[in-house]
Amino acid sequence: MSANSTVDRTKGERIGAGATSEVFSWGPDRVLKLFRPEFQHAVDLEAERSRAAHLCGVPSPEVFEIVEVDGRRGIVFSRVEGPALMAHVGEIGIVSVGRVLAQLHASVHQIPAVGLPTLREQIESSVEIDEAERTASLARIDRMPDGKVLCHGDFHPGHIVITKGGAVILDWVNATAAPAAADVARTLMLMGFQGLTEQTPSDIRRARRDMTDAYLDAYLGFTSVTREDIARCEPAMAAALLRTEPDNIERDALREIVDS
């Protein structure tokens, strides 16, 4: 098939769903990530970034093609079989999950980024922010340490699957060539703040804090990245989370980080 094919066979069983897409079986060893109508613009970008990340050598699904099914576009990936990392919490505990996550993240940051934009290039080309925010974002990026390693851009336990062959990392649409500290700062914002509401139980919040603390302590032990490096990246990452979650229950804390 071509890189952008129209197929007439029926997609298989739906095996997953998220805000932007649904995932269906596509034969015995592949899946189709079929994007919702309002997110059709993201198909080419995700295919491009995912293919580049896979070619860098990171454990991630292979990209085969872009197809159209039922009037919607989607990406055909290799199928990844196994439980999510969080499924092992009962077996190894929340702190150990944080440490496993840190070790995997540190290994990703050992890989040079090839064929991916820098954070600056990503912001400069973004159509989702206005000029004032673009200018502010670029100023925050200028405060970051140097570095152009492979960065996921959305690294958290929900994107890690444990297969028989080891961990596989999903969802590379936000991949860039960036300082490792920036990717860590992004993970800290996601694990510490993303999706928090008044209804989030206190024990869940406490578990998230424990996992985040364990992740950060372990990551610093695995690498030469410092807390100061990460702090220099946190304002940009806190601002990015506020753009997508302006009503986050911890918005005041996030604004303090943005202004730090």
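Residues numbered from 1 in each chain as written. Predicted model: local features only at pLDDT ≥ 70, side-chain atom pairs only at ≥ 80, totals over all residues. Heavy atoms only, no water.

**As for helix α3 (residues 94-108)**
Phase 1 of the analysis: Across its 15 residues, α3 extends 21 Å between first and last C-alpha, which sits within 8% of the 21 Å expected from 1.5 Å per residue.
Phase 2 of the analysis: Listed in full, the buried residues belonging to α3 are V97, G98, L101, A102, L104, H105, A106 and V108.
Phase 3 of the analysis: Structurally, α3 contributes buried residues whose contacts are with α2 (89-92), β7 (149-151), β8 (160-163), β9 (166-169), α6 (180-193) and α7 (202-222). (Helix = DSSP H or I, 4+ residues; strand = E, 2+ residues; numbered from the N terminus. Expected span 1.5 Å × (residues − 1). Buried < 20%, exposed > 50% of the residue type's maximum accessible area, 1.4 Å probe, protein only. Contact = heavy atoms within 4.5 Å.)

**Overview of the confidence of the model for the chain**
Phase 1 of the analysis: Overall, the predicted model of the chain reaches an average pLDDT of 93, with 96% of residues at or above 70.
Phase 2 of the analysis: For the chain, per-element mean pLDDT is lowest for strand β1 (residues 4-6), which scores 49, and highest for β7, which scores 98. (pLDDT = per-residue confidence, 0-100.)

**A closer look at the layout of surface pockets**
Phase 1 of the analysis: Estimated volume of the second largest pocket: approximately 220 Å³.
Phase 2 of the analysis: Sorting the residues of the lining of the second largest pocket by element identifies α6 and α7 as the ones contributing at least two each.
Phase 3 of the analysis: Partitioning the lining of the second largest pocket into residue classes produces 5 nonpolar, 2 polar and 6 charged. (1 Å grid on protein atoms, 1.4 Å probe; cavity = no way out; pocket = protein on both sides within 12 Å on 5 of 7 lines; lining within 4 Å. Points joined across faces, edges and corners; volume = space filled by probe spheres on them. Nonpolar A, V, L, I, M, F, W, Y, C, P; charged D, E, K, R; others polar.)

**Considering the nonpolar core**
Phase 1 of the analysis: Formed by 56 residues in total, the largest nonpolar core has its most connected members in L150, M189, Y215 and I230.
Phase 2 of the analysis: No other element matches α6, which puts 9 residues into this core.
Phase 3 of the analysis: Residues contacting L150, with those up to four places away along its chain left out, are C56, V58, V108, H109, I111, P112, A113, L116, W172 and T176.
Phase 4 of the analysis: Ranked by size, the runner-up nonpolar core spans 9 residues in total, among them V31, I66, I75 and F77. (Core = buried A, V, L, I, M, F, W, Y, C linked by side-chain atoms within 4.5 Å.)

**Here's the deal with the side chain of T223**
Phase 1 of the analysis: Turning to its location among the elements, T223 is positioned in the loop between α7 and α8 (227-244).
Phase 2 of the analysis: Among the polar contacts listed, one links the side chain of T223 to the backbone nitrogen of V225, at a separation of 3.2 Å. (Polar contact = N/O pair within 3.5 Å; in protein donor to acceptor, adjacent residues only side chain to side chain.)

**Observations concerning the environment of I111**
Phase 1 of the analysis: Tracing the sequence through the fold places I111 in the loop between α3 and α4 (119-125).
Phase 2 of the analysis: Of the residues examined, I111 reaches a relative accessible area of 15% and is grouped as buried.
Phase 3 of the analysis: With 29 residues separating them along the chain, I111 and G82 place their C-alpha atoms 24 Å apart.

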